[in-house]
Structure formats: C-alpha cells, structure tokens
Amino acid sequence: MSIQAIITNQKDGSSFVHAPGDSVLRAALRAGVGLSYECNSGGCGGCKFELIEGEIDDLWPDAPGLTERDKRRGRHLACQCAPRGDITISAPSAAEYVPQRPPRRQSARLAGVRDITHDIREFRFVATAGADFLPGQFAMLDLPGVAGSRAYSVANTPNALREWHFQIRRVAHGRGTQVLFDRLATGDEIGLDGPYGVAYLRTDSPRDIVCVAGGSGLAPMVSIARGAVEAGMLGERTLYFFYGARTARDVCGEELLASLAGFGDRIRFIPVVSLPGDDGQWSGATGYVHDQLECVLPAALSSYEFYFAGPPPMTQALQELLMVGHSVPFGQIHFDRFF
C-alpha cells in the first residue's frame, strides 16, 4: 500500500517526501530532485535504482524496462515502485533531470476532439489548475477504468486557458486508446499529472532546428515548432520538420504547421513515406525518414539542434546516424524514449 514516507537517495544525499499515490520517481520530481528517467511508464529503464534499506511495492513486476539480469542484481524501476515506509535507495541523478516546471496532479475535462488522420485524433482537455509546461513535454493521464497511467505528449504550448492538447494514435487492443477513442465523451473528467520529460525546446540554442516525427510522435514535434515561433526563434533560423509515415494516407503535420508564421520559408515540411505502393498516390520522398536528413539538410549535421519522437526503431536509427555517423554532440540531441 502506498503511504507517506521519507525516501533518501544514498548516491546524491538527497531526501524527499513520498505522498500516497506517487511512485518513487514522481515523488522525487515533485520535490525538485532530478532522478534519472525518460518515459516515466516502465518501458525505457532509465530510472533504475537499487534498494538499500526498507521495503517497496512493485507496481508493474513485468515492466519491459527491467531485464531478468536487472532483477537478479536487485534493481528496480523508480517509476514503477512505491515505498511501504521510509526507504534508502541508490539512484543516479543529474541537474538536467531537475524539473523546470514541477509536475502536479489535477483533474481535466475533455473539451473537444478532431481527427488528424485515419488513426490519429487530437484530444483537447481543460485542466482545473493550469497548463504550465515546456514545448515538447508529456503528461501522465489517468483514464476511467484503466489501471495505471498512460504517457502522452502535449501538442500545444503553455497557455492561460488551462488547455492541454494531445494527438494520440489508436493502438490495436490498447486499453488507454480504447477509452479515449470509444468511450470518453465531451465533459468527461480524467486525471492529469505533469509535465514530465527532458526533450523540451531549448530556447537558448543558436542553431537551426531539426524536428523528426513518426506516428504519434507528431505531437511533441508540433509543440516544439509552435514554441519556437512563439519564442521568436525563427527570425534568422530555419526549422526543418521531417515526418515519417508508412503510407501516403498516414502523412500528417503540414496543415498544423501551415498556420505558423514563417511556414514555407523558415519552417520547411519534409514528409517521407516508407511504403509508397504502386498506385501513384505518392510522389514525395520515400524510404526511412532518418535517411532523408543527409539528403535535405544543407550543412553538416553537427551544426543543428535535433528533436525527435516516434517508434523505437526510428529513434534508435537516428541516434546511430547522429552520434556514430556524424559525431553530433549529445547535448544537441533531445528525445524521450517510449516503448
């Protein structure tokens, strides 16, 4: 049972309070302690820690982010554990994980929906306490009848209207998307906890921006583009927006970007289709989206600021291309791993 407790991290000497309903990771981030993490949902393994003293409840014993070897070595996932009392842990932490916008729990009501593609829909929620987040971050949604939170990236930018927009792809047999697409009606209430994520827009970077999205990775990249325009970053810089789709009917994003100042000049949209078919419906770039970066970008890849979100094979290919193939400094590469 999740109770209020004191968590002490032996590795950095920090200590913070755990409140009922939180995981170890969420409690840390809510207290301003920068424990290492990425997905916050059990998939990436970025929040592994060792339990030194005390007892914990494992909220998801089969979480894919923890291997059998990890289990044998006594490791746990901070995002999937809650203390039974005061505990001492050994967990990696760094200044980059200290949240600039501390996450908070609040309720939100569905205000409207619209279809983006045949399987991606935008859900617009109005929250009770505000919409304070950074472009590119995500939130954890607690949906009626669904056990456990679901992580979804925000597509809009912080605003005084308390609106959080999510562009979500329907997942076959996915309990979360089944509720969102088939059961949730306008006015229905959900729980919203956020913001989370470290792949947010760096407004202090002087470099041209490259956004690469695949599937529902569209949402955080649209948020990045919108945030760059609102921050006045594109006066002398260019934003290249690559979108990778399987087929021509999966292509999206251009309509969302077209309303932004500088579209077609400072904002360039490059869609790529991996399975164009033989029907002649697609005349644009084909193949894998990461292969187009070298073809389209006019300067050395090490001179850009990169943001990307999408399926794990795409993000893995991009990491290898940028870091191994072109020696792009890791500080210029921003993504959150999901599964």
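Each remark here, short or long, concerns the structure printed above.
These notes cover the structure that comes with them. Keep in mind the model is a prediction, meaning the values are calculated, not measured. (Residues numbered from 1 in each chain as written. Predicted model: local features only at pLDDT ≥ 70, side-chain atom pairs only at ≥ 80, totals over all residues. Heavy atoms only, no water.)

**Re the side chain of His 290**
Test applied: Numbering goes from the N terminus for both helices and strands, where a helix is a DSSP run of H or I of at least four residues and a strand is a run of E of at least two. Residues count as neighbours in contact if any of their non-hydrogen atoms are within 4.5 Å of one another.
Inspection of the secondary structure puts His 290 in the loop between strand S17 (285-286) and helix H6 (291-296). Setting aside residues up to four positions removed in sequence, His 290 forms contacts with Ala 317, Leu 318 and Leu 321.

**Section: helix H4 (residues 218-230)**
Our working rule: In this scheme, a helix's expected span is set at 1.5 Å multiplied by one less than its residue total. Only protein chains enter the accessibility calculation, which uses a 1.4 Å probe; a residue is then buried when its area is under 20% of its type maximum, exposed when over 50%, and partly exposed in between.
Taking 1.5 Å of rise per residue, 13 residues should cover 18 Å, and H4 covers 18 Å from first to last C-alpha, within 8% of that figure. In terms of burial, H4 is largely enclosed, as 11 of its 13 residues are buried. The complete set of buried residues in H4 reads Leu 218, Ala 219, Pro 220, Met 221, Val 222, Ser 223, Ile 224, Ala 225, Arg 226, Gly 227 and Ala 228. Just downstream of H4 lies Gly 232, where phi reads positive at about 70 degrees.

**So, empty space enclosed by the protein**
Over the atoms, a rolling probe the size of a water molecule traces out where space has been left empty. Note the following rule: Cavity and pocket criteria rest on a 1 Å grid covering protein atoms alone: a 1.4 Å probe that fits but cannot get out defines a cavity, protein on both sides within 12 Å along at least 5 of 7 lines defines an open pocket, and an atom within 4 Å of a point defines a lining residue. Grid points are joined across faces, edges and corners, and a volume is the space filled by probe spheres set on the points. Each residue is assigned to one of three groups, with Ala, Val, Leu, Ile, Met, Phe, Trp, Tyr, Cys and Pro labelled nonpolar, Asp, Glu, Lys and Arg labelled charged, and all others, Gly among them, labelled polar.
Counted under the stated rule, the structure contains 2 cavities of 30 Å³ or more. For the largest cavity, the calculated volume is near 80 Å³. Surrounding the largest cavity, Tyr 37, Glu 96, Tyr 97, Val 98, Pro 99, Gln 100, Arg 101, Gln 137, Pro 195, Gly 197, Val 198 and Tyr 200 form its lining. Of the residues contributing to the lining of the largest cavity, the split by class is 7 nonpolar, 3 polar and 2 charged. The calculated volume of the second largest cavity comes to roughly 40 Å³.

**Points about the nonpolar core**
Just so we agree on the cut-off: By nonpolar core is meant a set of buried Ala, Val, Leu, Ile, Met, Phe, Trp, Tyr and Cys residues that side-chain atoms within 4.5 Å join together.
Val 24, Leu 25, Leu 35, Tyr 37, Cys 47, Phe 49 and Ile 89 are the most contacted members of the largest nonpolar core, which has 28 residues in total. No other element matches the 5 residues that helix H1 (residues 24-30) contributes to this core. What Leu 25 contacts, discounting residues up to four positions off in sequence, is Leu 35, Ser 36, Tyr 37, Asn 40, Cys 47, Ala 78 and Cys 79. Within the second largest apolar cluster, 25 residues are counted, among which are Ala 213, Val 222, Leu 257 and Ile 267.

**A look at unusual backbone geometry**
Gly 194 connects to Pro 195 through a cis peptide bond whose omega is 10 degrees. With respect to the helices, strands and loops of the structure, Pro 195 is situated in strand S13 (residues 189-196). In this structure, Arg 162 is a non-glycine residue whose phi angle is positive, near 65 degrees. Note on placement: Arg 162 falls in the loop between strand S11 (150-153) and strand S12 (163-169). Even without glycine at this site, His 173 takes up a positive phi of about 65 degrees. Mapped onto the elements, His 173 comes out in the loop between S12 and helix H3 (175-183).

**Things to note about the environment of Leu 134**
Along the chain, Leu 134 falls in the loop between strand S9 (120-127) and strand S10 (138-142). By relative accessible area, which is 12% here, Leu 134 ends up buried. Spatially, the C-alpha atom of Leu 134 lies 9.6 Å from that of Asn 156, the residues being 22 residues apart in sequence. Apart from the residues within four sequence positions on either side, Leu 134 is in contact with Gln 100, Arg 101 and Tyr 200.

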